[in-house]
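Given next are the chains, with one letter for each unit.
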Amino acid sequence: MKTFSQDLPEIVSNEDARPAHPVVKALAEAAVLLMQANADLEIGKKRVPDYVPYGSVESYYAFEQDAFNRAAEAYADAVVAVTREASQ
């Protein structure tokens, strides 16, 4: 059974690599950042102590939540950009 990578041409140098459309590349980068922000948020949530002496539980991972929210907005913007590009 052939795998996806077996169907790819051999890349010997950077000049051989097919360039990605800038809008598609931005979408892929936004997706990667969103996944990383989600992973960081999950780690932040797991670091909340069992007993929270003051404030809220959410305050213990507020930085990670903000980073996730910003990454989600950037991903949504990238999706819109790809959609606009495809409709032209």
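Refer to the structure above for everything that follows.
These notes cover the structure that comes with them.

1. Focus: the overall build of the protein
The helix and strand tally for the protein stands at 2 helices and 0 strands. In the protein, buried positions account for 12% of the 88 residues. Contacts in the protein between residues at least 24 apart in sequence constitute 65% of all its contacts with a sequence separation of at least 6. Surface exposure of the protein reaches about 7300 Å², of which carbon and sulfur atoms provide 58%.

2. Topic: the pattern of salt bridges
Throughout the structure, instances matching the rule amount to 2 salt bridges. Glu64 is paired through a salt bridge with Arg47; the nearest N and O atoms lie 3.0 Å apart. Residue Glu64 is found in helix H2 (residues 62-87), and its partner Arg47 is found in the loop between helix H1 (22-46) and H2; the two are separated by 17 residues along the sequence. On the basis of relative accessible area, Arg47 is assigned to the exposed category, the value being 56%. Residue Arg70 is joined to Asp66 by a salt bridge in which the shortest nitrogen-to-oxygen separation is 2.8 Å. Of this pair, Arg70 and Asp66 are both found in helix H2, 4 residues apart, which corresponds to roughly one turn of the helix. A residue is classified by how much of its surface remains accessible, and Arg70, at 56% relative accessible area, is exposed.

3. Notes on the side chain of Glu64
A relative accessible area of 14% means that Glu64 is categorised as buried. Looking at Glu64, its side chain comes within polar contact range of the side chain of Arg47, at 3.0 Å. What Glu64 contacts, discounting residues up to four positions off in sequence, is Asp40, Leu41, Gly44 and Arg47.

4. So, the packing of H1 against H2
Here H1 crosses H2 at 160°, and the two axes come no closer than 8 Å. Considering their axes alone, H1 and H2 lie roughly antiparallel with respect to each other. Note on packing geometry: the crossing formed by H1 with H2 is left-handed. Looking at the contact of H1 with H2, its residues break down into 20 nonpolar, 3 polar and 3 charged.

5. Some remarks on the environment of Lys46
The residue Lys46 is located in helix H1 in this model. Assessed through its relative accessible area of 69%, Lys46 is described here as exposed. Note: C-alpha distance between Lys46 and Tyr61 (15 residues apart in sequence) is 9.1 Å.

About the thresholds
- Residues numbered from 1 in each chain as written.
- Predicted model: local features only at pLDDT ≥ 70, side-chain atom pairs only at ≥ 80, totals over all residues.
- Heavy atoms only, no water.
- Helix = DSSP H or I, 4+ residues; strand = E, 2+ residues; numbered from the N terminus.
- Buried < 20%, exposed > 50% of the residue type's maximum accessible area, 1.4 Å probe, protein only.
- Contact = heavy atoms within 4.5 Å.
- Areas by Shrake-Rupley, 256 points an atom, 1.4 Å probe, with all protein chains shown as cover.
- Salt bridge = Lys/Arg side-chain N within 4 Å of Asp/Glu carboxyl O.
- Polar contact = N/O pair within 3.5 Å; in protein donor to acceptor, adjacent residues only side chain to side chain.
- Axes fitted to C-alpha atoms, helices over the stretch in contact; angles between N-to-C directions.
- Parallel < 35°, antiparallel > 145°, perpendicular 65-115°, else oblique.
- Left-handed = near helix turned anticlockwise from the far one by under 90°.
- Nonpolar A, V, L, I, M, F, W, Y, C, P; charged D, E, K, R; others polar.

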